[in-house]
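Here is what each chain is made of, one letter per residue.
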Amino acid sequence: MKQLPFRLKIALLSAGISGAVLLAFGAAGLLLISRQKLESVDTEIRSLGARHPGWIANRGNFERLDDALAFIFGEAHENEIILLVKDADGSVLHTSAGWPKEIDFAKLDCTLADDPKAVVVGAGQGRGHGGMGRGFGPGGRGGQVTCTKVPKFQTVTTSSGNWRLGMLGTADTTLVIGLNYASVWAELDRLRNAFLLALPVPLFLVGLGGWLVAGRALRPMTAIAETAERVTASGLDQRIPASNEDPEIARVIQVLNRMMDRLEASFRQATRFSADASHELKTPLAIMQGELENALQAARPGSPEQQLFTNLLEEAQRLKTITRSLLLLAQADAGQLKLALAPMDLSAELESMIEDARVLAAEARLHFDLHLAPQVRVMADRTLLQTAIFNLIGNAIKYNEPNGKVSLRLEQNENRILLTVANSGPGIPLEDQPKIFDRFFRVQRATAGGADGIGLGLSLAREIVRAHGGELTLRESRRGWTEFAVELKANLPGS
């Protein structure tokens, strides 16, 4: 599974945490608002009972209640308020016309506790816990009636909506007032929907802020990555620019720069050692080769001494080849591989190298398949480029099969020159292909087959081609076919 970028993770995490916090606050806010709305409905029920105590006092004249409701709430009061009156025995004295059928008044628990704070005044104005007001009893007799029971409230859901029932009463009468608070829930729904619709905007802004902050925080890391990509064997002097923004990042940059200082010093030392050792070995090896050649000429033909000197001369020549390759690689690593550039007819040079290669391939009876474009010219160091290309041709011959094929194709497209060298050998194992350009690496199959080599040919060839501004790659390798590609520029400026 592909990992998300760190910057995107920070932005998503910021938005997620902020969203959770906002949702928690929103839920808490909606809960508080709903409770406040419910309390306001209960307060309104208390107010109705306090302002109209005559609803309780007017025994035997309850038909006036509907007229009072119509006067207070209008003709559509049945959708807003319902009314139920019971006596002390639980008998229903009156129900409003709009009482919902789903609410069984027989099952309503109208048992109310006495309110010790309630006060009843016989005449004039009275004050009690439920409020104040003047009622008119039967026969027009004036008297003050106030609720002497502790009010009780409950919520009932019906098909016509949610009803909030408030139960108020005296010692002999219980009044149940119900208010339809569907409008309250509708208002809460609108508030909730508005909150959810507006929520993506702050989340987007928080995520954008997290993205920008993470980008600013990762800016030094980007500089570190870009510098690390430029660090090569010829670019070990690259350093990460110092940063004064954050002490932690500045510390990391200092540590990395010091590490690269040590790596550069160690690499320079190793490169100098390889170059100096290779250079110092050239003279004694040349002297050794000359002495062995003289001893070989003086030895009696067919004698053991002649065979010994022949073997020693071959080993000396092998050491000389290794020394020369190591010197060239050390110079390439240090960026000091000097090229004697001159115009070169690559087509003619390839035909000359193929003539020599035919001699090497005669014993294995190899077939050459040639497709060489004529007069392909390039600015190059003739000796070094010949070394690189002949290494490829030699490998195509060495790691081939009897009666196999060696294919060379040279073509030019505007300023691009492409040379492919292929053979019909056993192929390079897939696990070995990424390592074939490593120094001293040899494919185990080739080693077991007895093929001669030191493991420096391909790495040296690639360094020479790169020094000419080109690239050497393994294009394909499978059973029965292996192909290398050399890509060069047709016109190289002076190095």
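Residues numbered from 1 in each chain as written. Predicted model: local features only at pLDDT ≥ 70, side-chain atom pairs only at ≥ 80, totals over all residues. Heavy atoms only, no water.

### Here we look at the overall build of the protein
Of regular secondary structure, the protein possesses eleven helices and 14 strands. The burial tally for the protein puts 38% of its 495 residues in the buried class. By sequence separation, contacts in the protein at least 24 residues apart represent 64% of the contacts at least 6 residues apart. Summed over all atoms, the accessible surface of the protein reaches about 28700 Å², with 56% contributed by carbon and sulfur. (Helix = DSSP H or I, 4+ residues; strand = E, 2+ residues; numbered from the N terminus. Buried < 20%, exposed > 50% of the residue type's maximum accessible area, 1.4 Å probe, protein only. Contact = heavy atoms within 4.5 Å. Areas by Shrake-Rupley, 256 points an atom, 1.4 Å probe, with all protein chains shown as cover.)

### Brief notes about the confidence of the model for the protein
Taken residue by residue, the protein gives an average pLDDT of 79. The fraction at 70 or more is 82%. Within the protein, the lowest mean pLDDT, 34, falls on strand β3 (residues 135-136), and the highest, 93, falls on strand β12 (residues 416-423). Within the model, the stretch residues 121-145 combines pLDDT values under 50 with 49 contacts to residues more than four positions away or in other chains. (pLDDT = per-residue confidence, 0-100.)

### Comments concerning the sheet that holds strand β2 (residues 92-95)
With respect to topology, five strands assemble into an open sheet ordered β2-β1-β7-β6-β5, the strand pairing being antiparallel. Two strands in the sheet have a free side with no partner beyond their single neighbour: β2 and β5 (152-158). Mean inter-strand twist for the sheet, computed between neighbouring axes without regard to direction, equals 20°. Summarising the sheet, strand β1 (residues 81-87) and β2 pair through three bridges and their orientation is antiparallel. (Pairing = 2+ DSSP bridges. Axes fitted to C-alpha atoms, helices over the stretch in contact; angles between N-to-C directions.)

### Considering the pattern of salt bridges
In total, this model carries eleven salt bridges according to the counting rule given. For the salt bridge of Lys149 with Asp114, the shortest nitrogen-to-oxygen distance reads 2.2 Å. With Lys149 in the loop between β4 (142-143) and β5 and Asp114 in the loop between β2 and β3, this residue pair connects regions lying 35 residues apart in the sequence. Among the residues examined, Lys149 registers a relative accessible area of 17% and is labelled buried. Using a relative accessible area of 54% as the deciding quantity, one classes Asp114 as exposed. A salt bridge links Asp189 to Arg192; the shortest N-O distance between them is 3.6 Å. (Salt bridge = Lys/Arg side-chain N within 4 Å of Asp/Glu carboxyl O.)

### Brief notes about the packing of helix α8 (residues 346-361) against helix α9 (residues 382-398)
Following both chains from N to C, one finds α8 and α9 inclined at 40°, their axes separated by 10 Å at the closest point. Here α8 is positioned oblique relative to α9, judged by the angle of their axes. The chirality of how α8 crosses α9 is right-handed. Contacts between α8 and α9 pair Leu346, Glu349, Leu350, Met353, Asp356, Ala357, Leu360 and Ala361 from the former with Arg382, Leu385, Gln386, Ile389, Phe390, Ile393 and Ile397 from the latter. (Parallel < 35°, antiparallel > 145°, perpendicular 65-115°, else oblique. Left-handed = near helix turned anticlockwise from the far one by under 90°.)

### A look at the packing of helix α4 (residues 182-198) against helix α5 (residues 200-230)
One can describe the packing of α4 onto α5 by two numbers: an axis separation of 5 Å at closest approach and a directional angle of 25°. Relative to α5, α4 is oriented roughly parallel. The segment α4 lies against α5, with Leu196, Leu197 and Ala198 engaging Pro200, Val201 and Pro202. Its residues assigned to classes, the contact of α4 with α5 comprises six nonpolar, no polar and no charged. (Nonpolar A, V, L, I, M, F, W, Y, C, P; charged D, E, K, R; others polar.)

### A few points about helix α11 (residues 457-467)
With eight of eleven residues buried, α11 lies mostly within the body of the structure. At the exit of α11 stands Gly469, carrying a positive phi of roughly 80°.

### Thoughts on the environment of Val41
Relative to the helices and strands, Val41 is located in helix α1 (residues 6-51). Through-space distance from the C-alpha of Val41 to that of Gly166 is 9.4 Å; in sequence the pair is 125 residues apart. When near neighbours in sequence (up to four residues on either side) are disregarded, Val41 contacts Arg164, Leu179, Tyr181 and Val184.

### As for the pairing of strand β6 (residues 161-169)
With nine of nine residues buried, β6 lies mostly within the body of the structure. As defined by bridge partners, β5 adjoins β6 across seven bridges and the pair is classed as antiparallel. By the bridge assignment for β6, Thr157 is matched with Asn162. Counting the residues between successive antiparallel strands, the hairpin from β5 to β6 contains two residues. One ladder, built from seven bridges, connects β6 with strand β7 (residues 173-180); its direction is antiparallel. When the sheet's bridge partners are listed, Leu165 is paired in β7 with Gly178. With antiparallel pairing between neighbouring strands as the criterion, β6 and β7 make up a hairpin whose turn holds three residues.

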